[in-house]
Amino acid sequence: MGVYERHVLPRIVEASLGTKGALKLRRRVCAGLHGRVLELGFGSGLNVPLYPEEVTGVVAVEPSDLAWQRSDGRRSRSTVPVERVGLDGASVPLPDDSCDTALSTWTLCTIPDVEAALDEVRRILRPGGRFHFLEHGLAPDHGVRRWQHRIEPVQKRIGGGCHLTRQIVYLLDDAGFVVDEVDVFYEPGAPKPFGADSLGVAVSP
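Everything quoted here is computed from the prediction, not taken from an experiment.

**Observations regarding the overall build of the protein chain**
And step 1. The helix and strand inventory of the protein chain stands at seven helices and seven strands.
And step 2. Listed N to C, the secondary structure of the protein chain is α-α-β-β-α-α-β-β-α-β-α-α-β-β in terms of helices and strands.
And step 3. Its C-alpha atoms give the protein chain a radius of gyration of 16 Å, near enough to 17 Å, the size a compact globule of 205 residues would have.
And step 4. In terms of overall dimensions, the protein chain has a C-alpha envelope of 45 × 40 × 30 Å along the principal axes.
And step 5. Each of the 205 residues in the protein chain was classed as buried or not, and the buried ones make up 50%.
And step 6. Counting only contacts in the protein chain whose residues sit at least 6 apart along the sequence, the fraction spanning at least 24 positions is 70%.
And step 7. When the accessible area of the protein chain is evaluated, it comes to approximately 9,800 Å², of which 54% is carbon and sulfur surface.
And step 8. Treating the 24 positive side-chain charges of the protein chain as one cloud and the 27 negative ones as another, the clouds have centres 7 Å apart.

**Section: a negative patch on the surface**
And step 1. A surface patch of negative charge is lined by Asp 88, Asp 113, Glu 115, Asp 119, Asp 173 and Asp 174.
And step 2. Among the elements of the structure, α5 (114-124) and α7 (168-174) are those that each provide at least two residues to the negative patch.
And step 3. As for its position among the elements, Asp 173 is in helix α7.

**Considerations on the pairing of strand β2 (residues 55-61)**
And step 1. Burial within β2 is extensive, with six of its seven residues counted as buried.
And step 2. Here six bridges tie strand β1 (residues 35-40) to β2, and the two strands are oriented parallel to one another. By the bridge assignment for β2, Leu 40 is matched with Val 61.
And step 3. Sheet analysis places β2 next to strand β3 (residues 82-86), joined by four bridges and oriented parallel. Residue pairing across strands places Val 61 opposite Gly 86, the latter belonging to β3.

**Digging into the sheet that holds strand β6 (residues 178-186)**
And step 1. With mixed pairing, seven strands are arranged side by side in an open sheet as β3-β2-β1-β4-β5-β7-β6. Each edge of the open sheet carries a strand with a single partner, namely β3 and β6. Taking each pair of neighbouring strands and ignoring which way they run, the sheet shows an average axis angle of 20°.
And step 2. In this sheet, strand β4 (residues 99-105) lies alongside β1 in parallel orientation, the contact comprising four bridges. Paired with Leu 40 across the bridge in β4 is Ser 104.
And step 3. Contacts from α5 reach β1, β4 and β5 (125-136), with the element oriented near 145° to β5.

**Concerning the pattern of salt bridges**
And step 1. Under the defined criterion, the tally for this structure stands at 10 salt bridges.
And step 2. Here Glu 14 and Arg 70 are joined by a salt bridge, their closest N and O atoms 2.5 Å apart. One end of the pair, Glu 14, is in helix α1 (residues 3-16); the other, Arg 70, is in helix α3 (residues 65-70), and 56 residues separate them in sequence.
And step 3. A relative accessible area of 36% places Arg 70 in the partly exposed class.
And step 4. Put simply, Asp 65 and Arg 84 hold a salt bridge, and the shortest N to O gap is 3.0 Å. A residue pair is termed long-range when its members are at least 10 positions apart, and Asp 65 in helix α3 and Arg 84 in strand β3 qualify at 19 residues.
And step 5. According to the relative accessible area criterion, Asp 65 is partly exposed, its value standing at 47%.
And step 6. Three or more residues joined by partner-sharing salt bridges are found here, namely Glu 14, Arg 70 and Arg 74.

**A look at the nonpolar core**
And step 1. Grouped together as the largest cluster of nonpolar side chains are 25 residues, with contacts concentrated most on Leu 38, Leu 94, Leu 118, Val 121, Phe 131, Leu 172 and Phe 177.
And step 2. Looking at this core, the elements with two or more residues in it are β1, β2, β4, α5, β5 and α7.
And step 3. At five residues, the largest contribution of residues to this core is made by α5.
And step 4. Residues within four places of Leu 118 in sequence aside, it is in contact with Leu 108, Phe 131, Leu 171, Leu 172, Ala 175 and Phe 177.
And step 5. Core analysis: the second largest hydrophobic core is formed by 22 residues, Val 29, Cys 30, Phe 42 and Ala 60 among them.

What counts, and where the lines are drawn
- Residues numbered from 1 in each chain as written.
- Predicted model: local features only at pLDDT ≥ 70, side-chain atom pairs only at ≥ 80, totals over all residues.
- Heavy atoms only, no water.
- Helix = DSSP H or I, 4+ residues; strand = E, 2+ residues; numbered from the N terminus.
- Rg over C-alpha atoms; globule rule 2.2 N^0.38 Å.
- Buried < 20%, exposed > 50% of the residue type's maximum accessible area, 1.4 Å probe, protein only.
- Contact = heavy atoms within 4.5 Å.
- Areas by Shrake-Rupley, 256 points an atom, 1.4 Å probe, with all protein chains shown as cover.
- Lys, Arg positive; Asp, Glu negative; His and termini not counted.
- Charge placed at Lys NZ, Arg CZ, Asp CG, Glu CD.
- Patch = residues over 30% accessible without salt bridge, like charges linked within 9 Å, V, L, I, M, F, W, Y side chains within 5 Å.
- Salt bridge = Lys/Arg side-chain N within 4 Å of Asp/Glu carboxyl O.
- Pairing = 2+ DSSP bridges.
- Axes fitted to C-alpha atoms, helices over the stretch in contact; angles between N-to-C directions.
- Core = buried A, V, L, I, M, F, W, Y, C linked by side-chain atoms within 4.5 Å.

Set out below in structure tokens:
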């Protein structure tokens, strides 16, 4: 990981995903979280103020030391204890069936082995546990998809491995989750190739 990835990209991510519009979507996806929560891609803790009161604790996976440091203030002001338990979503050092719910916000696009990461979420969630996700991916419209495929090689280089064409619902299905609810939409104010979002809940059988 170079200087750009360590010191610049986490600040860009925090600014671009901390807008008022993003906050509204974060609030939606956090609704219904409860108990012990596994959060993939914790980042700088932008979700922390939005945890429902039913959340008793959060175990966070976050590869960026700078992002974790920048979350200090949000974590210190929260009544919910947050513990950083790993750097890699594809290998999380937690026991089976040890979390009640899970959360991922604009994270699955960048994990190199996203299939392994979803397998880990399923393993760690209790049977019937709910995985709340807010992710961008392959657009519903063919014209936008063509642009996504053109732009993606550059996006991956400047966005820390961010993919534009991952099919989030299909990935969840393939991992064995049951997608209970999903809303697919273009994020207001964002260019369509970058803002084709899926927000929903998937259940671990």
